[in-house]
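Remarks on the overall topology
Okay, here's what each chain looks like letter by letter:
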Amino acid sequence: MPQVRREQVIGYRVGAQGLLRDGSSLGKLAVLDFGVQDSGDSARLAFDARLRRTPSLRGVGPGEPLALAWTLRGAPHLHRRTDLDWLAAALWPLSDADALGRVDAGSTMKKAGMAGLAGFAAGAEAMRKVVTAPMGKGAASTAVTAATPDTLHRYCRSCQATHVFELIFRMGSLPAGIELEPGTAPPVLVPRPGAAVPTSADPAAVQRLIRAYVTLLGPATQGDVAGYLGARRADLASVWPDDLVEVDVEGRPAWLPPEQLAALRKAKAPRLVRLLGAFDPYLQARDRLLIVPDKAVHKVLWPILGRPGVLFVDGEVVGTWRPKSGKARLEITVDPFAPLPPAVRREAEREAERVAAVREAPDVRVRWTDA
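Residues numbered from 1 in each chain as written. Predicted model: local features only at pLDDT ≥ 70, side-chain atom pairs only at ≥ 80, totals over all residues. Heavy atoms only, no water.

Turning our attention to helix 15 (residues 342-358). In a regular helix each residue adds 1.5 Å, so 17 residues correspond to 24 Å; helix 15 covers 25 Å between its end C-alpha atoms and thus fits that length. Along helix 15, the residues classified as buried are Val344, Arg345, Ala348, Glu351, Ala352, Arg354, Val355, Ala356 and Val358. Contacts from the buried residues of helix 15 go to helix 2 (42-48), strand 12 (273-276), strand 13 (309-313), strand 14 (316-325), strand 15 (330-336) and strand 16 (364-368). Backbone geometry just downstream of helix 15 places Glu360 in the positive-phi region, at approximately 55°. (Helix = DSSP H or I, 4+ residues; strand = E, 2+ residues; numbered from the N terminus. Expected span 1.5 Å × (residues − 1). Buried < 20%, exposed > 50% of the residue type's maximum accessible area, 1.4 Å probe, protein only. Contact = heavy atoms within 4.5 Å.)

Okay, here's the thing in structure tokens:
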């Protein structure tokens, strides 16, 4: 079994994901192979970290080359429009237990004796029938609730109403042929003309998604990929591609496509400074101890709510950053974990100017907490 060091894995991922900023075309970015989470401005920040020029998001939305949809773990992601059909089949649960684990956090379906796949299918079918024209989330949720059995409903304290499970609503939308209108809050759901409507998982599509993960965030274990997809590990193992190669990452067995092995072996620690957004694809890897060996820092980087951005220097997470918009300027507060050389600070401040361009702020000020 080939043996590789942590530094090689980090260098490989940085290169595979385009963080060397060698990309010139938004649609060709490798990270779109598994989608880029778009919570707030996270997608534009991720694209900016990989493109030579700060990108606009023209070309995103119904009928455009890029589409916004609820996909992985029910979160909004940007994908190539040409990927939506196979992705819908890849995200369909693999078994009743897998479906329950993905959408039934309160075990309502399980307690009522409803099979997980049947519940998931009922939710997706109701969404397909209900959303036949652009429709706000609230109206769509009300209509889908009326069209689904009580076993798929839960009382929501914040809404003070009973409605369909949020994750069935979100995760059933892509199989129902639904995307999201960018820039809408609350979200507007839009039917996608000619969308394929899967009724079960397609093993080949699941394998395609697995390969995308282990290519961009590999070497990775089955547990890593299952966590990223929100899938049940035992079910994912049943469709695991048999052509992946196993490598040893400092005593931890993990998997990689064979055609990427040479790049992994040659990879070195990168030389760069980036202000990565809170939901950047690099930070979505499930082997967080490899990304940041100091476990005590994990609660700072990955809290349940309010994740910060990350100061990423030469392959290491060396601090966090948070933006605050004012009337005249954007203020970015950078909190380094340890003292940094002046050259790194200067480069981080140049990166802050790019963040300001992404947020369309006329001016930016960087405040260092250790200044």
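From this point, the discussion proceeds with the structure in view.
Strand order in the open sheet formed by three strands is 1-10-11, and the pairing between neighbours is mixed. Two strands bound the open sheet, and with one partner strand each, they are strand 1 (3-4) and strand 11 (252-256). With two bridges joining them, strand 1 and strand 10 (residues 245-249) adopt parallel strand pairing. Bridge pairing in strand 10 places Gln3 opposite Asp248. (Pairing = 2+ DSSP bridges.)

Enumeration according to the criterion identifies five aromatic pairs in this entry. Ring geometry for Trp92 versus Phe120: centroids 4.9 Å apart, planes at 75°, classification edge-to-face. Residue Trp92 is found in the loop between helix 3 (84-90) and helix 4 (96-103), and its partner Phe120 is found in helix 6 (residues 116-130); the two are separated by 28 residues along the sequence. Residue Trp92 is classed as buried on the basis of its relative accessible area, which comes to 5%. Through a chain of ring-to-ring contacts, three or more aromatic side chains come together here, namely Phe34, Tyr213 and Tyr228. The cationic tip of Arg73 hangs over the ring face of Tyr228; the distance from NZ or CZ to the ring centre is 5.0 Å. (Phe/Tyr/Trp six-rings, centres within 6.5 Å; stacked < 30°, edge-to-face > 60°. Lys NZ or Arg CZ within 6 Å of the ring centre and 35° of its normal.)

Another point: empty space enclosed by the protein. The gaps left among the atoms become clear once a water-sized probe is rolled over them. Under the defined criterion, the tally for this structure stands at three cavities of 30 Å³ or more. Approximately 50 Å³ is the volume found for the largest cavity. Around the largest cavity sit Arg21, Leu45, Asp48, Ala49, Leu275, Glu351 and Val355, which together line it. Breaking the lining of the largest cavity down by element, the ones donating at least two residues are helix 2 and helix 15. (1 Å grid on protein atoms, 1.4 Å probe; cavity = no way out; pocket = protein on both sides within 12 Å on 5 of 7 lines; lining within 4 Å. Points joined across faces, edges and corners; volume = space filled by probe spheres on them.)

All right, on to the layout of surface pockets then. Computed from the structure, the largest pocket encloses a volume of approximately 410 Å³. As for the largest pocket, its lining consists of 18 residues, and the residues nearest its centre are Asp38, Gly40, Leu68, Pro182 and Gly183. Of the volumes computed, that of the second largest pocket is approximately 220 Å³. Among the elements of the structure, helix 2 and strand 14 are those that each provide at least two residues to the lining of the second largest pocket. For the lining of the second largest pocket, the element with the highest residue contribution is strand 14, accounting for three residues. When grouped by side-chain class, the residues that make up the lining of the second largest pocket number six nonpolar, five polar and four charged. (Nonpolar A, V, L, I, M, F, W, Y, C, P; charged D, E, K, R; others polar.)

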